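# Residue-level structure breakdown
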Amino acid sequence: MFSWSNKDTRRKKEPELFQTVSEGLRKLYTHKLLPLEETYRFHDFHSPALEDADFHNNPMVLLVGQYSTGKTTFIRHLIEQDFPGMRIGPEPTTDSFIAVMHGPVEGVMPGNALVVDPKKPFRKLSAFGNAFLNRFMCAQLPNPVLESISIIDTPGILSGEKQRISRGYDFAAVLEWFAERVDRIILLFDAHKLDISDEFSEVIKALKNHEDKIRVVLNKADQIETQQLMRVYGALMWSLGKIINTPEVVRVYIGSFWSHPLLIPDNRKLFEAEEQDLFKDIQSLPRNAALRKLNDLIKRARLAKVHAYIIGALKKEMPNVFG
């Protein structure tokens with residue numbers, strides 16, 4: 001009698017099943033969002049297309065800071081061993097972008113070979129030219145920490161217009177590309193050098209759309225007394241308030257992130273508590289990686305939708321000219 005209702009039930013589309021959230025997001029992007037981006041040339045205006053490695057790679061942590069703030073030492077302290085290509089010193093030592101990733105054999109892969117590897121999420125970096133690729137490498141080593149996260153070490157930010165020009169590539173644009181794809185951005189400051197240079201200020205402004213990923217670390221805090229530390233912390237918050245225009249207070253982790261004993265142990269309990277909080281935040285990245293990818297894909301879909309509306313409206317107002 002009601003056979004037509006059974007037809008409607010059969011007509012309903014069967015739900016599509018995926019083994020992982022990343023695989024589902026990749027398929028949704030490939031079949032739904034990517035055709036829209038290609039039609040309205042979203043990649044030419046905003047961001048290159050995502051690839052399979054962007055959905056399946058480990059969470060990444062990006063370290064940014066001026067020279068000699070302890071970025072490379074922070075990585076060494078986190079993974080508890082040296083990595084290939086590591087150089088530590090008081091002068092500007094790290095002059096390259098180094099992706100510290102897990103690998104079966106310890107070694108270094110140069111940038112030009114790295115951007116053609118489909119298993120790595122760096123293929124779109126070839127657009128920044130040979131000047132950048134010569135300063136980009138991947139350090140692989142068997143390490144238990146790197147099985148769940150990858151770390152990007154960046155060159156120390158210098159001050160002055162001459163330093164910015166001599167790089168040969170757009171430093172802020174490269175960091176913005178990484179900021180779109182990483183799970184956490186750690187800004188490191190030296191307790192003895194709180195001056196935020198012009199290039200550093202430009203970099204922080206380039207990261208303005210990713211405030212939810214940013215964490216601030218005041219490093220080398222064991223080298224100053226408690227009273228001075230209080231003044232340095234206040235000065236850092238005041239300087240950041242002029243650059244990061246948000247009503248919320250930025251979370252700042254205070255400590256000395258290296259394996260050596262503290263020079264001034266008065267604030268040992270504070271440093272240990274802050275270090276535990278930061279490491280717990282980093283440890284949570286693998287658990288929340290799928291949610292981060294979903295959040296970034298939704299953000300990208302909204303931007304692509306607005307872009308399509310704008311391009312469509314402009315196209316309608318264009319005069320009809322043959323060709």
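Everything quoted here is computed from the prediction, not taken from an experiment.

## A short note on the overall build of the protein chain
Of regular secondary structure, the protein chain possesses 13 helices and 8 strands. Going through the 323 residues of the protein chain one by one, you find that 47% of them count as buried. Intrachain contacts of the protein chain at a sequence separation of at least 6 include 79% that bridge at least 24 residues.

## Here's the deal with the nonpolar core
Counting 51 residues, the largest nonpolar core has Phe122, Phe178, Leu187, Phe189 and Leu218 as the members making the most contacts within it. Not counting the four nearest positions on each side in its chain, Leu218 is found in contact with Phe189, Asp190, Ala191, Leu194, Leu229, Val232, Tyr233, Leu236, Val252, Tyr253, Ile254 and Gly255. Residues Phe74, Leu141, Leu146 and Leu278 belong to the second largest nonpolar core, which totals 23 residues.

## Some thoughts on unusual backbone geometry
Positive phi outside glycine occurs at Ser68, with the angle close to 60 degrees. Looking at the secondary structure, you find Ser68 in the loop between β1 (60-65) and α5 (71-79). The class for Ser68 is buried, based on a relative accessible area of 18%. Notably, Glu80 is not glycine yet its phi reads approximately 60 degrees, a positive angle.

## Observations regarding the packing of helix α9 (residues 171-181) against helix α10 (residues 198-206)
With their axes 9 Å apart at the nearest point, α9 and α10 run at an angle of 35 degrees to one another. Of the two possible hands of crossing, α9 and α10 adopt the one that is right-handed. Every residue of α10 that contacts α9 at Phe171, Ala172, Leu175 and Glu176 is listed here: Glu199, Glu202, Val203 and Ala206. Looking at the contact of α9 with α10 residue by residue, the class counts come to 5 nonpolar, no polar and 3 charged.

## Describing the confidence of the model for the protein chain
Residues of the protein chain with pLDDT of at least 70 account for 89%, and the chain-wide mean is 83. By mean pLDDT, helix α1 (residues 3-11) is the weakest element of the protein chain at 49, and strand β5 (residues 150-153) is the strongest at 92.

## Examining the pattern of salt bridges
With the rule as written, the count across this model stands at 17 salt bridges. The closest approach of N and O atoms between Glu51 and Lys124, which form a salt bridge, is 3.9 Å. Of the two residues, Glu51 is situated in the loop between α3 (42-45) and α4 (52-56) and Lys124 in the loop between α6 (111-114) and α7 (130-133); the sequence distance between them amounts to 73 residues. For Arg292, the salt bridge is made with Asp296, and the minimal N-O distance between the two is 2.6 Å. Of the two residues, Arg292 and Asp296 are both situated in helix α13 (residues 289-317); the distance of 4 residues between them amounts to about one turn of the helix.

## As for the sheet that holds strand β6 (residues 184-190)
Strand order in the open sheet formed by 8 strands is β3-β4-β2-β5-β1-β6-β7-β8, with mixed pairing between adjacent strands. Whereas interior strands pair on both sides, the edge strands pair on one side only; in this sheet they are β3 (107-110) and β8 (252-254). Adjacent strand axes in the sheet meet at a mean angle of 25 degrees, parallel and antiparallel pairs treated alike. Bridge count for strand β2 (residues 97-102) against strand β4 (residues 136-141) is 6 bridges, and the pairing is parallel. Bridging across to β4, Ala99 finds its partner in Cys138. Each of β1 and β6 touches α10; the most contacted strand, β6, lies at about 155 degrees to it. Taken strand by strand, helix α12 (residues 268-283) contacts β6, β7 (214-219) and β8, and its axis lies near 130 degrees from that of β8.

## Re the pairing of β4
Where burial is concerned, most of β4 is hidden: 5 out of the 6 residues are buried. By the bridge criterion, 4 bridges tie β3 to β4 in an arrangement that is antiparallel. When the bridges of β4 are listed, Met109 appears paired with Cys138.

## A closer look at empty space enclosed by the protein
By the definition in use, this model includes 1 cavity of 30 Å³ or more. In this structure, the largest cavity encloses a volume near 30 Å³. Forming the boundary of the largest cavity are Val61, Leu63, Phe74, Ile75, Leu78, Ile149, Ile151, Ile186 and Ile282. Elements with a minimum of two residues in the lining of the largest cavity: β1 and α5. Sort the elements by how many residues they give to the lining of the largest cavity and α5 lands first, with 3 residues. Across the lining of the largest cavity, the residue classes break down as 9 nonpolar, no polar and no charged.

## Some thoughts on the packing of helix α2 (residues 21-39) against α13
Running from amino to carboxyl end, α2 crosses α13 at an angle of 10 degrees, the nearest separation of the two axes being 11 Å. Relative to α13, the element α2 lies roughly parallel. Between α2, through Val21, Ser22, Leu25, Tyr29, Leu33, Leu36 and Glu37, and α13, the contact on the second element is made entirely by Ala290, Lys293, Leu294, Leu297, Arg300, Ala301, Ala304, Lys305 and Ala308. Residue classes in the contact of α2 with α13 are distributed as 11 nonpolar, 1 polar and 4 charged.

Rules used throughout
Residues numbered from 1 in each chain as written. Predicted model: local features only at pLDDT ≥ 70, side-chain atom pairs only at ≥ 80, totals over all residues. Heavy atoms only, no water. Helix = DSSP H or I, 4+ residues; strand = E, 2+ residues; numbered from the N terminus. Buried < 20%, exposed > 50% of the residue type's maximum accessible area, 1.4 Å probe, protein only. Contact = heavy atoms within 4.5 Å. Core = buried A, V, L, I, M, F, W, Y, C linked by side-chain atoms within 4.5 Å. Axes fitted to C-alpha atoms, helices over the stretch in contact; angles between N-to-C directions. Left-handed = near helix turned anticlockwise from the far one by under 90°. Nonpolar A, V, L, I, M, F, W, Y, C, P; charged D, E, K, R; others polar. pLDDT = per-residue confidence, 0-100. Salt bridge = Lys/Arg side-chain N within 4 Å of Asp/Glu carboxyl O. Pairing = 2+ DSSP bridges. 1 Å grid on protein atoms, 1.4 Å probe; cavity = no way out; pocket = protein on both sides within 12 Å on 5 of 7 lines; lining within 4 Å. Points joined across faces, edges and corners; volume = space filled by probe spheres on them. Parallel < 35°, antiparallel > 145°, perpendicular 65-115°, else oblique.

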